[in-house]
Amino acid sequence: MTIPQSSAPATFDLLKELTELPGISGHEDAIRARLVELFAPLADDVRVDPLGNVIALRRGTDGLGRRLMLAAHMDEIGLVVTKLDRGFLRFTTIGGINARVLPSQDVIVHGKRDLPGIVASRPPHVLPPASRKENIPSNELFVDVGLGAAELSELVSVGDVISIQRETIQLGQGKATGKAFDNRACLVALVLALHRLQDVRHTWDIYAVATVQEEVGLRGAVTSTFGVAPDVGIALDVTFADQPGAASDETLAWDKGAAIALGPNIHPNVYAKLVDTAKSNEIPYVVEVLPGNTGTDAWAMQVTQAGIPTGLVSIPIRSMHTPGETIVLRDIERTARLLADFAAGLDGETLDNLRLE
Amino acid sequence: MKELIRRLCQVYGPCGQEEAVRRLITQELTGLVDESRVDALGNLIALKRGTGNGNAPAKRVMIAAHMDEIGVMISHVDANGFLRFTNVGTVLPNTLFGSRVLFANGSQGTFGMDGKPLAVEKPEMAKMFVDVGATSAADSPVGVGDVGVFRSEFADLGKRILAPSLDNRIGCAILIQALKELTNTPNDIYAVFTVQEEVGLRGATTAAFGVEPDVALALDVTLTGDMPEAHTMEVALGKGPAVKVLDKRMIAHPGVRRWLINTAQAYDIPHQLEVLEFGSTDAAAMQISRAGVPAGAISIPSRYIHTPVQMVDYDDVQNSVRLLVNALGGPVDVTR
Amino acid sequence: MTNESLRSLISNTQYPLLEELSTARGVAGQEGAVRAILRQAITPHVNSVETDHLGNLIARKAAQNPNGGKPLGVMIAAHMDEVGGMVQKVNDDGTLKFRAVGGIDARILPGKRLIIGPQSVPGVVLEKPVHLGRSNSAATIDDLIIDTGGASGINPGDMITFENSYGTVGHLLKGKSFDDRVGCFILSELLKQEYPCDLVGVFTVQEEIGLRGAKVAAYSVAPDVAFALEGTIADDLPKDEDISSTTVLGKGPAISVMDRSAYADRRLVELLTLTAQEHAIPYQIKQPGVGGTDVGTIHLAQEGIPSVAVAVPCRYIHAPAALMNPADVLHTIELMAKALGRLPSVWESQQ
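Criteria and cut-off values
Residues numbered from 1 in each chain as written. Chains lettered and ligands numbered in written order. Predicted model: local features only at pLDDT ≥ 70, side-chain atom pairs only at ≥ 80, totals over all residues. Heavy atoms only, no water. Domains from an automatic or database assignment. Contact = heavy atoms within 4.5 Å. Polar contact = N/O pair within 3.5 Å; in protein donor to acceptor, adjacent residues only side chain to side chain. Nonpolar A, V, L, I, M, F, W, Y, C, P; charged D, E, K, R; others polar. Buried area = accessible area lost by both parts, 1.4 Å probe. Salt bridge = Lys/Arg side-chain N within 4 Å of Asp/Glu carboxyl O. Helix = DSSP H or I, 4+ residues; strand = E, 2+ residues; numbered from the N terminus. Phe/Tyr/Trp six-rings, centres within 6.5 Å; stacked < 30°, edge-to-face > 60°. Lys NZ or Arg CZ within 6 Å of the ring centre and 35° of its normal. Buried < 20%, exposed > 50% of the residue type's maximum accessible area, 1.4 Å probe, protein only. Pairing = 2+ DSSP bridges.

1. Observations concerning the domain arrangement of chain C
Residue and element names in this part refer to chain C.
Here comes step 1: Domain boundaries assigned for chain C yield domain 1 (3–82 + 176–350) and domain 2 (84–162).
Here comes step 2: Centre-to-centre separation of domain 1 and domain 2, based on C-alpha positions: 32 Å.
Here comes step 3: Each side of the interface is counted separately: domain 1 has 12 residues, and domain 2 has 18 residues.
Here comes step 4: For the interface between domain 1 and domain 2, the tally reads 6 residue pairs in polar contact (both at pLDDT 80 or more).
Here comes step 5: Tallied by class, the residues present in the side of domain 1 that touches domain 2 amount to 5 nonpolar, 3 polar and 4 charged.

So, in structure tokens, the structure goes:
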């Protein structure tokens, strides 16, 4: 009798589950716990490092210990309480949140218990006409959890984080919308890739890493890459999809597969091998030109220890850093295939081929 | 302890030239630590060995307080003896008029500006100069590359203290005082007096790499929100040491935060929580050293940071010492 | 460096390696051509040459006649990359949208010639004729378009550089990318000599986008002491105001006491200034607080590495053509060679 392997979950179901969990930078406990559960049956070892990165290891078949690191960050942007003010909460942002989307947004305040709330601002009717034409300054926004001042101070203290509340749903033509697609969509791809690798022989050790604190400065990638010390590192993140109102040269087509990045942050031969993998396995992809700081974990990864040959694979999404991010589900699946096939294609000659002339 | 604070605040020590501060601290540490060394960047790394905790080896706990202070570096001496300068660390141009600077060789000076300075709302440093009383380039007692630090008289106001460079000589004083009071500890305490914090946490970066701590704490000052029309911030003078939740460059490890809060509660030490929207501390560098270090900070509420006259509350200072001594005196548990 | 070899270098008015280096094209991440030139130039003079994963070229040269004990490890860095651009998109009409790689000043670009891609296709930056209306705002890279006349063989990601302009202007050398090909040239010359310390010459990558090559090279080399060699800003045009020129052409190597990236090790600054005074080599202190060099990441590597930057003053460094004084180049070589010769004994006496 063969032992049935765990079958891969449906892409949308996994995306919905992972994106609806809270995990503000530095406070990733809930999403981390679920990722440890998801990685455990797919890996030989799962550990959590001092900063809270989840590091899952699938051992390769040749026992030589060559290491591929696939990293996607688990944290999301959010808010944090700075002051309790006459029954309302003053807050500041954690990560680059687009303040224009905040007024009237549903949130959850993570106090002694989770409290649903809403971002409050003054009614436009009472404001002078000129100020109605400007964005609401963030110092005029509050969070209202509908409690009295005394009760609020029992339950909430300065430093408690606030996450965006948004259900993930399907749209037409295989698309979905919700919050935290940046970067849970890539964690979905990572989990799907690990499922795929159960059926494929791979000679390299594969470290699937879910990093923390990317949105506040790539901090989890700095330390996890130091700890893993991979021979090759691939960062996974989202990028900008074409959308009305955005300049076409700032964005990429979606529904064309993963974006493989090219630029000084990327080792040319890692790029070439990713493209080669996509071509020979007939996986669609697009090329993303990033002439400097990629703003992803790849930027930190590359300059860790004595330098890591680094690649970057991205999934295009619309309306990044808003609660209305949208994605083509098929792009997640294509990304998973690309990662699994890339990992399986690493062999004894890969390191030699990475050497620069 | 006020005498120690007074002496520390008077010593010349801009970023990169912390030698005199290091000498004073080295003297103060005599007999308090088991060994000490100075690393390549000039960090003073002192070790007080712990007894271990039962069978477990002693945890390596690194406490960083930076020795350096901000200042101005002369960049050009003009023909009439006026000195153009650049900032060493974050210097606030509005605070310069009426300030006094002291150079390494004892020369002193004050600031002026092209045109009509007092009519200018936001002075530009490029239009300002230091006047050291020279009449020509030839008789200027200081030259390109020399650094001036801000100086004012130390004043004991009773409950509160006025002094220059409380950022961060107050952190140094608290760390020294804690080592004096800490008689017994299960932990290996690495008291690190760092350099070049004000120009980018540079000393803490290399010191943490060298020490490889299990847990790290920074001792530094923080802003307050307790003045008229201040920026929204819940930290106030006199309400105790502030346990850092986050700042611009780091989010404190939840386990470290809990360890400090539990200690404060167990010993009935007043304390507050700090969410800082500007700036950061050595903890940010220690946290991302090597494969990562659980890190946090004890912040001393301070008004008028980065000006020549800074203010702290003496109760806050003493309570910071108590918090540190009691936190370090027992087993350190920073599990999430 | 012996006086004899220095004299022969000065008497030679041609610097073929410097010309070759200035002409070579290499923005951050695409330094291969510069690396190939340097590898060939230095291999005969060193014990080993290797390339790391970011593309840093690392040359090692063992100490000759060390004082005894383990020789002092000295790293000297010079960066290979230049500022430039990268093709972002090939428009349907064959024109190109592009992005800067490193700190390029967009205001200088309209109407300039640029060289694109591995086949060195020439192009020009479009600018609206002034007859059709003057633009009051400064150009930004976003607004600019390169026209190659629809040349084929250009792809997104291709590098964009200024065109070669190597030559002389009066007594000055002219060329693109003196920042930091002049540092590479000086380091190559230094590697020809013998020193009482273990010398590791590192030709670094990706300086212009954040000192990234030097960061990893310093980590793996882990020297006791480090120097960076640079081409730096000279702002020595006539001015109404009596303000700093940052550096001045012809006044010798510029020593960085402090810039935006690092605070120099005071002992090394003193080594350089005393050496210069003893040998009557001109030198200047660069205006503090301006710019940054590979020292910014080198001095923070591992447990910290005492470091200093020494630079040749150059006018117009982030523009198509820079100017520098050949005497400054030669004096920088001489100062570094003399300083390296006495460094181990000075350093030991200071420990």
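2. Quick notes on the interface of chain A and chain B
Here comes step 1: On the chain B side, the residues contacting the 26 residues of chain A number 23 residues.
Here comes step 2: Together, the buried faces of chain A and chain B total about 2100 Å²; carbon and sulfur atoms form 60% of this surface.
Here comes step 3: The three residues of chain A that bury the most area against chain B are Pro50, Val158 and Arg219 of chain A, which together make up 26% of that side's buried surface.
Here comes step 4: Here chain A and chain B share 1 salt bridge between them.
Here comes step 5: In this structure, glutamate 234 of chain B and lysine 83 of chain A form a salt bridge, with 3.0 Å as the shortest nitrogen-oxygen distance.
Here comes step 6: Between chain A and chain B we count 4 residue pairs in polar contact (both at pLDDT 80 or more) in total.
Here comes step 7: Of all the secondary structure elements, the ones that give two or more residues to the side of chain A that touches chain B are strand S4 (78–85), strand S5 (88–94) and helix H6 (219–228) of chain A.

3. Topic: the packing of aromatic side chains
Here comes step 1: Enumeration according to the criterion identifies 9 aromatic pairs over all chains in this entry.
Here comes step 2: Seen in terms of ring centroids, tyrosine 166 of chain C and phenylalanine 178 of chain C are 6.4 Å apart; in terms of plane orientation they differ by 80 degrees. Their pairing is edge-to-face. Placement of the pair is tyrosine 166 of chain C in the loop between strand S9 (159–162) and strand S10 (167–169) and phenylalanine 178 of chain C in helix H4 (residues 178–190), with a sequence separation of 12 residues.
Here comes step 3: Taking NZ or CZ as reference, lysine 2 of chain B lies 4.5 Å from the ring centre of tyrosine 314 of chain B, over its face.
Here comes step 4: The ring of tryptophan 299 of chain A is capped by arginine 212 of chain C, whose NZ or CZ atom sits 3.3 Å from the centre of that ring.

4. Considerations on the interface of chain C and chain B
Here comes step 1: Every contact between the two is made by 25 residues of chain C and, on the other side, 26 residues of chain B.
Here comes step 2: Contact with chain B buries area across many residues of chain C, yet Asp242, Tyr263 and Glu303 of chain C alone supply 32% of it, more than any other trio.
Here comes step 3: A salt bridge links glutamate 303 of chain C to arginine 37 of chain B; its shortest N-O distance comes to 3.5 Å.
Here comes step 4: If you look at where chain C meets chain B, you find 8 residue pairs in polar contact (both at pLDDT 80 or more).
Here comes step 5: Residues that form the side of chain C that touches chain B fall into these classes: 11 nonpolar, 7 polar and 7 charged.

5. Examining the pairing of strand S16 (residues 295–303) of chain B
All names here are of chain B.
Here comes step 1: Of all 9 residues in S16, 9 are buried; the element is thus mostly enclosed.
Here comes step 2: Where burial is concerned, the two faces of S16 agree: the one with Ala295, Ala297, Ser299, Pro301 and Arg303 and the one with Gly296, Ile298, Ile300 and Ser302 are both buried.
Here comes step 3: Sheet topology note: the strand S13 (residues 215–222)/S16 ladder contains 7 bridges and is parallel. Residue threonine 222 lies in a different strand from S16, and its bridge partner there is proline 301.
Here comes step 4: Pairing between strand S14 (residues 242–246) and S16: 2 bridges, direction antiparallel. If you follow valine 243 over to S16, its bridge partner there is isoleucine 298.
Here comes step 5: Where S16 meets strand S17 (residues 310–313), 2 bridges bridge the pair, whose relative direction is antiparallel. Note that in S17 the partner of arginine 303 across the bridge is methionine 311.

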